[in-house]
Amino acid sequence: MNIILIAPPAAGKGTQAGLLCNKYNLNHISTGDLLRNAIESGSELSKELTKQMNDGKLISDNIIIQMIEEEIKDKDQFIYDGFPRNINQAKLLDDLLRDLNKKIDYVFYLKIDKEVALNRVIGRSSCPSCGHIYNDKLESMMPKKAGICDDCNIALFKRLDDNEETFNKRFETYINETAPIIEYYRDKNILYEIDSSKSKEDIFLNIERIIDNDKN
Ligand code: AMP
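Worth saying up front: this structure is predicted, and the values here are computed from it rather than measured.

(A) Local environment of the sheet that holds strand β2 (residues 27–30). Read across the sheet, five strands follow the order β2-β3-β1-β4-β7 without closing on themselves; strand pairing throughout is parallel. Where the open sheet ends on each side, the last strands, each with one partner, are β2 and β7 (191–195). The sheet shows a mean angle of 20 degrees between the axes of neighbouring strands, direction not considered. As paired elements, strand β1 (residues 3–6) and strand β4 (residues 106–111) share four bridges and run parallel to each other. Across the sheet, the residue bridging to I3 is Y106, located in β4. Along the sheet, helix α9 (residues 200–215) contacts β1, β4 and β7; its crossing angle with β4, the most-contacted strand, is approximately 160 degrees.

Right under this line is the structure:
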């Protein structure tokens with residue numbers, strides 16, 4: 001099974017991707033994480049990537065598709081988190097999957113209002129070790145001790161692009177460039193809309209129902 005998650009920033013893509021991976025034994029591929037890793041490893045492109053990401057802009061399709069190709073060539077069963085981000089990437093992914101004899105089974109579109117998403121961005125932090133995402137604006141996602149990972153007992157960190165100014169730019173990029181892929185996948189009859197203003201458990205329940213109903 002291969003799944004794509006489409007969502008505006010902070011709709012809970014990363015959290016749902018983690019839950020889906022655990023339940024259905026999928027490989028998680030987050031282009032945002034791959035880019036942040038490339039920046040941390042001090043790659044030649046670090047400076048340019050950091051600037052583009054802090055400006056809320058998309059990284060070039062060439063860089064992204066190369067990363068994806070490298071990750072998926074020897075494995076199957078993926079959850080694509082944050083990719084594709086525009087129509088060109090969606091078409092490039094179709095070509096790549098066709099060549100590899102693979103296909104996308106579900107595209108979940110996590111719908112959320114801008115104000116709710118902004119609140120989540122402001123409260124969001126994550127563990128640098130296990131990647132668990134916390135949110136001190138949402139009761140169901142607060143760490144037990146403020147600023148500390150429940151499992152690893154180390155300090156949580158905030159992403160540099162999780163601030164109001166960058167969020168507004170990212171949201172605009174999402175509307176202009178990413179939202180058109182919703183219709184692209186609706187036309188293929190593999191798109192499912194999920195109300196993402198709910199708790200992470202309810203969102204996941206809705207996604208699970210769709211997948212499990214299909215199996216039965
Ligand atoms: P995310 O972690 O998915 O919120 O992504 C953080 C930032 O990384 C985005 O705002 C973009 O600047 C960049 N990014 C992530 N995925 C892509 C992609 N598929 N194409 C272009 N840029 C991306």
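(B) The site of the ligand, seen in detail. The environment of the ligand is made up of 17 residues, and the closest members are T31, R36, K57, I59 and Q89. Contacts to the ligand include R159, whose side-chain N or O atom sits 3.1 Å from an oxygen atom. Within the contact set of the ligand, an oxygen atom lies 3.5 Å away from a side-chain nitrogen or oxygen of R170. Protein coverage of the free-state accessible area of the ligand, which is 480 Å², stands at 97%. Top element by residues in the shell around the ligand is helix α2 (residues 31–40). It accounts for four residues. Looking at the shell around the ligand residue by residue, the classes come out as six nonpolar, four polar and seven charged.

(C) Focus on helix α4 (residues 61–72). Between its first and last C-alpha atoms α4 spans 16 Å; for twelve residues at 1.5 Å apiece the expected length is 16 Å, and the two agree. Within the span of α4, buried status applies to D61, I64, I65, M67, I68 and I72. An end-on view of α4 places all buried positions within 155 degrees of arc, on one side of the element. Residues of α4 that are exposed and angled more than 90 degrees away from the buried face: N62, Q66 and E70.

(D) Spatial organisation of the packing of α2 against helix α3 (residues 46–54). It is at 9 Å that the axes of α2 and α3 come closest, and there the two elements cross at 135 degrees. Accordingly, the angle class assigned to the pair α2 and α3 is oblique. When the axes of α2 and α3 are compared, the crossing they make is left-handed. Seen from α2, the contacting residues are G32, L35, R36, A38 and I39; seen from α3, they are S46, L49, T50 and M53.

(E) Fine view of the packing of α2 against α4. With their axes 11 Å apart at the nearest point, α2 and α4 run at an angle of 100 degrees to one another. By the criterion of interaxial angle, the relationship of α2 to α4 is roughly perpendicular. Across the interface between the two elements, T31, L34, L35 and A38 from α2 touch I64, M67, I68 and E71 from α4.

(F) Representation of the nonpolar core in the model. The biggest cluster of nonpolar side chains holds 32 residues, and the ones touching the most others in it are I6, I68, Y80, L93 and Y185. Taken together, the elements giving at least two residues each to this core come down to β1, α2, α3, α4, β3 (78–81), α5 (87–99), β4 and α8 (180–186). Looking at this core, the element that brings in the most residues is α4, giving five residues. In this structure, L93 is in contact with I4, I65, I68, Y80, F83, P84, I104 and Y185, ignoring residues within four places of it in sequence. In terms of nonpolar packing, the next biggest core, distinct from the first, is built from 25 residues, A10, A11, I79 and F204 among them.

What counts and what doesn't
- Residues numbered from 1 in each chain as written.
- Predicted model: local features only at pLDDT ≥ 70, side-chain atom pairs only at ≥ 80, totals over all residues.
- Heavy atoms only, no water.
- Pairing = 2+ DSSP bridges.
- Helix = DSSP H or I, 4+ residues; strand = E, 2+ residues; numbered from the N terminus.
- Axes fitted to C-alpha atoms, helices over the stretch in contact; angles between N-to-C directions.
- Contact = heavy atoms within 4.5 Å.
- Near = heavy atom within 4 Å.
- Polar contact = N/O pair within 3.5 Å; in protein donor to acceptor, adjacent residues only side chain to side chain.
- Areas by Shrake-Rupley, 256 points an atom, 1.4 Å probe, with all protein chains shown as cover.
- Nonpolar A, V, L, I, M, F, W, Y, C, P; charged D, E, K, R; others polar.
- Expected span 1.5 Å × (residues − 1).
- Buried < 20%, exposed > 50% of the residue type's maximum accessible area, 1.4 Å probe, protein only.
- Arc of directions from axis to C-beta.
- Parallel < 35°, antiparallel > 145°, perpendicular 65-115°, else oblique.
- Left-handed = near helix turned anticlockwise from the far one by under 90°.
- Core = buried A, V, L, I, M, F, W, Y, C linked by side-chain atoms within 4.5 Å.

In short, the description is geometric, and any link to function would need to be established separately.
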